[in-house]
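So the chains spell out like this:
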Amino acid sequence: MAERPEDLNLPNAVITRIIKEALPDGVNISKEARSAISRAASVFVLYATSCANNFAMKGKRKTLNASDVLSAMEEMEFQRFVTPLKEALEAYRREQKGKKEASEQKKKDKDKKTDAEEPDKSRDEDNDEEEERLEEEEQNEEEEVDN
Amino acid sequence: MAAAAAAAGSGTPREEEGPSGETAAPQPQAPTSVPGARLSRLPLARVKALVKADPDVTLAGQEAIFILARAAELFVETIAKDAYCCAQQGKRKTLQRRDLDNAIEAVDEFAFLEGTLD
């Protein structure tokens, strides 16, 4: 099952939808053009990954992070993507935080039911600890190195 | 009496996202009907597979994958619009492969695509 990286195409249906929404109504796209755009998108991701990886290595990190990708965009002369990408990143982070808090809340509610007899004091301490852990997790994800 | 339960598959055979999506079967993607909640249309798993295909990459954070997916979407929009400019000049309403080739030649930022689409 040796697949060349360029063969890892993104789903045609999604690509087609993105193209159609970018173009005015009534404009069509031939199958060849659509498949070429799909392949171009894959090549784009591969190229961006390689660029981003260079930035990560410069920072002596082994994990690609968001700022590596943003730096890669500038390097590839796609500066116009940077602002919308930053906005998308903010929205994504908010959503992730919301999800985390929601699952934490569920856990708390579950604990409440099982530890119904424990005094509330220890509960507050537990909350603080959990918050600290969350912050640590976020910092780990960032892995920002001071240059 | 054991009624022979009609063991016929009640559910339609679910097609997982196969590597080649050239068949006419429309692949059901995540519902994107809620505006604002749609952060990225491209499946992150596919993008991650592409990232992992690079032998130099060790790990990639979730945020990085997400931004790459979003960037790829912006890229598709951009190149489609640029290619359309060429088609418009030919007064055609269907984007052809040659429009794409013209756009790649004309736009500096697409230079990295030269020779990769054949």
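Residues numbered from 1 in each chain as written. Chains lettered and ligands numbered in written order. Predicted model: local features only at pLDDT ≥ 70, side-chain atom pairs only at ≥ 80, totals over all residues. Heavy atoms only, no water.

**Quick look at the domain arrangement of chain A**
Split into domains, chain A comes out as domain 1 (1–63) and domain 2 (77–109). For domain 1 of chain A versus domain 2 of chain A, the separation of C-alpha centres amounts to 22 Å. (Domains from an automatic or database assignment.)

**Side note on the packing of helix α2 (residues 31–58) of chain A against helix α2 (residues 62–89) of chain B**
Interaxial distance between α2 of chain A and α2 of chain B falls to 9 Å at its minimum, and their mutual angle equals 135 degrees. Between α2 of chain A and α2 of chain B, the angle is such that the two are oblique. When you trace α2 of chain A past α2 of chain B, the crossing you get is right-handed. Listed contacts from α2 of chain B to Ile37, Ala40, Ala41, Phe44, Val45, Ala48 and Thr49 of chain A of α2 of chain A are Leu68, Ala71, Ala72, Phe75, Val76, Ile79 and Ala80 of chain B. Grouping the amino acids of the contact of α2 of chain A with α2 of chain B by side-chain chemistry returns 13 nonpolar, one polar and no charged. (Axes fitted to C-alpha atoms, helices over the stretch in contact; angles between N-to-C directions. Helix = DSSP H or I, 4+ residues; strand = E, 2+ residues; numbered from the N terminus. Parallel < 35°, antiparallel > 145°, perpendicular 65-115°, else oblique. Left-handed = near helix turned anticlockwise from the far one by under 90°. Contact = heavy atoms within 4.5 Å. Nonpolar A, V, L, I, M, F, W, Y, C, P; charged D, E, K, R; others polar.)

**Description of the side chain of threonine 49 of chain A**
Structurally, threonine 49 of chain A can be placed in helix α2. Classification of threonine 49 of chain A as buried rests on a relative accessible area of 1%. Only 2.7 Å separates the side chain of threonine 49 of chain A from the backbone oxygen of valine 45 of chain A, close enough to count as a polar contact. Apart from the residues lying within four places of it in its own chain, the contact partners of threonine 49 of chain A are Leu64 of chain A together with Val51, Asp54, Val57 and Leu68 of chain B. (Buried < 20%, exposed > 50% of the residue type's maximum accessible area, 1.4 Å probe, protein only. Polar contact = N/O pair within 3.5 Å; in protein donor to acceptor, adjacent residues only side chain to side chain.)

**Comments concerning the UniProt feature "domain: Transcription factor CBF/NF-Y/archaeal histone" (unreviewed entry) in chain A**
Following the UniProt record, one finds the feature "domain: Transcription factor CBF/NF-Y/archaeal histone" (unreviewed entry) at residues 9–73 of chain A. With 72% helix and 6% strand, the stretch residues 9–73 of chain A has end C-alpha atoms that lie 21 Å from each other. (UniProt positions renumbered as here; feature names shortened; annotations may be inferred.)

**Here we look at the interface of chain A and chain B**
Between chain A and chain B, the residue contacts involve 66 residues of the former and 57 residues of the latter. Here chain A packs against chain B, burying approximately 5,500 Å² in sum over the two surfaces, 71% of which is carbon and sulfur. Applying the counting rule to chain A against chain B returns three salt bridges. With a closest N to O distance of 2.8 Å, glutamate 63 of chain B and arginine 93 of chain A form a salt bridge. Along the contact surface separating chain A from chain B lie 12 residue pairs in polar contact (both at pLDDT 80 or more). Elements represented by at least two residues in the side of chain A that touches chain B include exactly α1 (12–22), β1 (28–29), α2, β2 (63–64), α3 (66–75) and α4 (79–114) of chain A. (Buried area = accessible area lost by both parts, 1.4 Å probe. Salt bridge = Lys/Arg side-chain N within 4 Å of Asp/Glu carboxyl O.)

**Section: the packing of aromatic side chains**
Applying the stated rule across the entire model yields 12 aromatic pairs over all chains. Both rings, one in phenylalanine 44 of chain A and one in phenylalanine 75 of chain B, keep their centres 4.5 Å apart while their planes meet at 10 degrees; by these two values the pair is stacked. Separated into two different chains, phenylalanine 44 of chain A in helix α2 and phenylalanine 75 of chain B in helix α2 make up a pair that spans both. The exposure classification of phenylalanine 44 of chain A matches that of phenylalanine 75 of chain B, with both residues buried. (Phe/Tyr/Trp six-rings, centres within 6.5 Å; stacked < 30°, edge-to-face > 60°.)

**Focus on α4 of chain A**
Owing to its 3.6 residues per turn, the α-helix aligns residues three or four sequence positions apart on the same side. For α4 of chain A, which comprises 36 residues, the first-to-last C-alpha distance of 53 Å matches the rise-based estimate of 52 Å (1.5 Å per residue) to within 8%. By the burial criterion, the buried members of α4 of chain A are Phe81, Val82, Leu85, Ala88, Leu89, Ala91, Tyr92 and Glu104 of chain A. (Expected span 1.5 Å × (residues − 1).)

**Some points on the UniProt feature "domain: Transcription factor CBF/NF-Y/archaeal histone" (unreviewed entry) in chain B**
In the numbering used here, UniProt assigns the "domain: Transcription factor CBF/NF-Y/archaeal histone" (unreviewed entry) feature to residues 41–104 of chain B. Secondary structure across residues 41–104 of chain B divides into 70% helix and 6% strand, with the first and last C-alpha atoms of the span separated by 24 Å.

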